[in-house]
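Analysis of the macromolecular model
Residues per chain, in single letters:
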Amino acid sequence: MYKTITNDELLAIAGEYGSPVYVYDAGKIAEQYNKLTEAFKGHPTRFFYACKALSNINILKYIKGLGASLDCVSINEVKLGLMAGFEPEAIMFTPNCVDLEEILAGVALGVRINIDNISLLEQFGNKFGGGYPVCIRINPHIEAGGNYKISTGHIDSKFGISIHQLRHIERIVKTTGLHVQGLHMHTGSEIKDIDVFLQGLDVMFGIAERFAGLDFIDLGSGFKVAYKDDDQETDVQVLGARVAEAAKKFEAEYNRKLELWFEPGKYLVSESGSFVVKVNVVKQTTATVFAGVNSGFNHLIRPMFYEAYHKITNISNPDGAKRIYTVVGNICETDTFAWDRVLNEVREGDYLVFHNAGAYGFEMSSNFNSRLKPAEVLVEDGVPRLIRSRDVFEDLLRNQTVSIES
Ligand SMILES: *Cc1c(COP(=O)(O)O)cnc(C)c1O
C-alpha cells in the first residue's frame, strides 16, 4: 500500500522549489495502474496511457516501468514516447483532423496508426494496401453522459468514423486490401455508468465480424475518478469482470482471440497530482471574501474551462476555524477556482493545495499574462525530484524575434 504525501512534505517541497508547483505522487499512479491490471485479469487486456493528460517524460518513463503502453494524439507525443523508451509496437497514434503527412510520420516511426476519418482511410489504403496494419476509430454514437465538452461520442462530435458509415469503410477495406488490425472507440471522459462501456463493447462486437483479421478492440477511456468527496470512481472491478465475460462469449462466436485495450489518462494520473499555491491576498468585498493566490487559469484551467471541481485544502493552517472563501487567481481575466468554499481560515502567505491536479493540469497551462509556468516535482518512495524547472523570464522571449534599438 502506498503512503500519501503529507502536508508537511508538500510544504517542504514548496519551500525548496517555490510555488506554484505541481507535485506528483508516483505511488498513487502505480496503485491506480495495479487496480486496473488486477480488475481485468480475466481477459488479455492492455492499457495504453493517454499521455495528453500529463506528458512529462519522467512520468512517461515511470508509467512505462509499470508495464503500460502509450496512447498519443500528436506526432510530438509519439516522439516523446519513443524517447521515454516505449517500443513502437507499444505506441498507439490516434490523431484527429491531421493531414496524411503527420500519419506518414507515424508510419516512418513504426508506431500503430488509428485512423478516424474516411478520407484518410482511403488515402492510407491507396498508399499501403495491406502493407501497414491500421486500427479504425469508430464513433458508435453512444452518449457518455456528463459534460458535453468532454464527451466525444455524440452526433455532433468530430471524432471517429460514424458507425453509420460502416458500408463505406468496408468498401475502402475491400478495394484497397487494408489490413484492419483493430477497432477503436473513445466516447469521452468521465463515463458515469459502466453500462456505457458495455454498450460500446456490444456495438464493437456487432461490427467486428465484418473484419476478418482483428487482433484487438480498443475501448478508449472514460474511466472516472472522484473529484468530490462523495464522487464515485469507475468501479473497474465490476467492469473488468463483465467485460471479460462478454469477451469470452464473443471469442467463441468469432472463433478468434481478441485482446481488449483501454486508454486511461485521468484514471492513472489525476489523483497523483497536488497543485500547491500561495495565498497572496485575502480581500474582503461587500459580497464575499476572496483568497487570491499566486496562480490562475494559466496554470490550472479546468475550473474555468470545464466548470470542474477541485477539492482545495489549506495545508499551512489545517486547524484554523472554518470560513467561506471564493478562491481566485491573479490573472487579469475572470479567474475563479472555486466559489463559496469552506476552508480552514486563510491568511496571507498560507499555502493551498488543489487536489486531483495530475491530469490536464500542467499539461493545459500557458503563459497568459506573461506569467511563468510552474515547476513539476515527482515524489518516488518519499523522495522528491524536480522533473521540470519553473519557467524563467527568458522563456517568454524564446522564439520571439527581438530587436532592441538603443
Ligand atoms: C483523451 C483521450 C483519452 C484519455 O481520456 P481520460 O479521460 O483522460 O482517461 C483516451 N483516448 C483518447 C483517444 C483520448 O483522446
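Residues numbered from 1 in each chain as written. Predicted model: local features only at pLDDT ≥ 70, side-chain atom pairs only at ≥ 80, totals over all residues. Heavy atoms only, no water.

1. Looking at the overall build of the protein
Looking only at helices and strands, the protein has 12 helices and 18 strands in total. Expected size for 406 residues packed as a compact globule is a radius of gyration near 22 Å; at 23 Å, the protein falls within 12% of this value. Seen through its C-alpha atoms, the protein measures out along the principal axes to roughly 70 × 60 × 40 Å. Within the protein, the fraction of its 406 residues that count as buried is 54%. For the protein, contacts bridging at least 24 residues in sequence account for 68% of all contacts bridging at least 6. When the accessible surface of the protein is split by element, carbon and sulfur atoms take 50% of a total near 18,100 Å². If the 41 positive side-chain charges of the protein are averaged to one point and the 52 negative ones to another, these points end up 1 Å apart. (Helix = DSSP H or I, 4+ residues; strand = E, 2+ residues; numbered from the N terminus. Rg over C-alpha atoms; globule rule 2.2 N^0.38 Å. Buried < 20%, exposed > 50% of the residue type's maximum accessible area, 1.4 Å probe, protein only. Contact = heavy atoms within 4.5 Å. Areas by Shrake-Rupley, 256 points an atom, 1.4 Å probe, with all protein chains shown as cover. Lys, Arg positive; Asp, Glu negative; His and termini not counted. Charge placed at Lys NZ, Arg CZ, Asp CG, Glu CD.)

2. Topic: the side chain of Lys224
Following the sequence through the fold, Lys224 ends up in the loop between strand S9 (216-218) and helix H9 (236-254). Despite its burial, Lys224 pairs with no opposite charge, the nearest such side chain being Asp231 at 4.4 Å. Leaving out residues up to four positions away in the same chain, Lys224 has contacts with Glu190, Ile191, Lys192, Asp231, Gln232, Glu233, Thr234 and Tyr267. (Salt bridge = Lys/Arg side-chain N within 4 Å of Asp/Glu carboxyl O.)

3. A word on the domain arrangement of the protein
Its domain assignment divides the protein into domain 1 (94-264) and domain 2 (270-392). Each of domain 1 and domain 2 was reduced to a C-alpha centroid, and the two centroids are 36 Å apart. Counting residues at the interface gives 10 residues for domain 1, matched by 9 residues for domain 2. Together domain 1 and domain 2 conceal approximately 880 Å² of surface at their shared face, both sides included; 49% is due to carbon and sulfur atoms. Across the contact surface, domain 1 and domain 2 share 1 salt bridge. For Asp229, the salt bridge is made with Lys311, and the minimal N-O distance between the two is 3.3 Å. At the boundary of domain 1 with domain 2, the tally comes to 4 residue pairs in polar contact (both at pLDDT 80 or more). (Domains from an automatic or database assignment. Buried area = accessible area lost by both parts, 1.4 Å probe. Polar contact = N/O pair within 3.5 Å; in protein donor to acceptor, adjacent residues only side chain to side chain.)

4. A closer look at unusual backbone geometry
Cis peptide bonds are those with omega within 30 degrees of zero, and the linkage from Ser19 to Pro20 qualifies with -5°. Note that Pro20 resides in the loop between helix H1 (7-17) and strand S1 (21-25). One non-glycine residue, Asn369, lies in positive phi territory at about 70°. If you trace the backbone, Asn369 turns up in the loop between strand S16 (351-354) and strand S17 (375-380). Judged by relative accessible area, Asn369 falls into the partly exposed class, the value being 29%.

5. A few points about a nonpolar patch on the surface
Judged by side-chain polarity, Phe393, Leu397, Val402 and Ile404 come together as a nonpolar surface patch covering roughly 430 Å² of accessible area. Here Leu397 shows up in helix H12 (residues 393-397). (Patch = residues over 30% accessible without salt bridge, like charges linked within 9 Å, V, L, I, M, F, W, Y side chains within 5 Å.)

6. Description of the pairing of S16
Going residue by residue along S16, you find Tyr351 and Val353 tucked away on one face and Leu352 and Phe354 tucked away on the opposite face as well. Note that strand S11 (residues 273-284) and S16 share 4 bridges and pair antiparallel. Looking at S16, one finds that Lys278 is bridged to Tyr351. Both strand S13 (residues 312-314) and S16 contribute to a ladder of 3 bridges, which runs antiparallel. When the sheet's bridge partners are listed, Ile312 is paired in S16 with Phe354. (Pairing = 2+ DSSP bridges.)

7. A look at the pattern of salt bridges
In a structure, side chains of opposite charge can pair up when their charged atoms sit close to one another. This model, assessed by the stated rule, comprises 15 salt bridges. Of the charged contacts in the structure, one is a salt bridge between Lys28 and Glu31, with a shortest N-O distance of 2.8 Å. Of this pair, Lys28 and Glu31 both sit in helix H2 (residues 26-39), 3 residues apart, which is roughly one turn of the helix. Classification of Glu31 as buried rests on a relative accessible area of 17%. The residue Arg210 makes a salt bridge to Glu170 at a minimum N-O spacing of 2.9 Å. One end of the pair, Arg210, is in the loop between helix H8 (194-208) and S9; the other, Glu170, is in helix H7 (residues 166-176), with 40 residues separating them in the sequence. With a relative accessible area of 16%, Glu170 lands in the buried category.

8. Notes on the packing of aromatic side chains
If you walk through the whole model with that rule in mind, you get 22 aromatic pairs. Judged by centre distance (4.6 Å) and plane angle (50°), the ring pair of Phe337 and Phe354 falls under tilted. Note that Phe337 is positioned in strand S15 (residues 336-344) and Phe354 in strand S16, a separation of 17 residues in sequence. The exposure classification of Phe337 matches that of Phe354, with both residues buried. Site record: aromatic cluster; members linked through ring pairs are Tyr33, Phe40, Phe47, Phe197, Phe223, Phe262 and Tyr267. (Phe/Tyr/Trp six-rings, centres within 6.5 Å; stacked < 30°, edge-to-face > 60°.)

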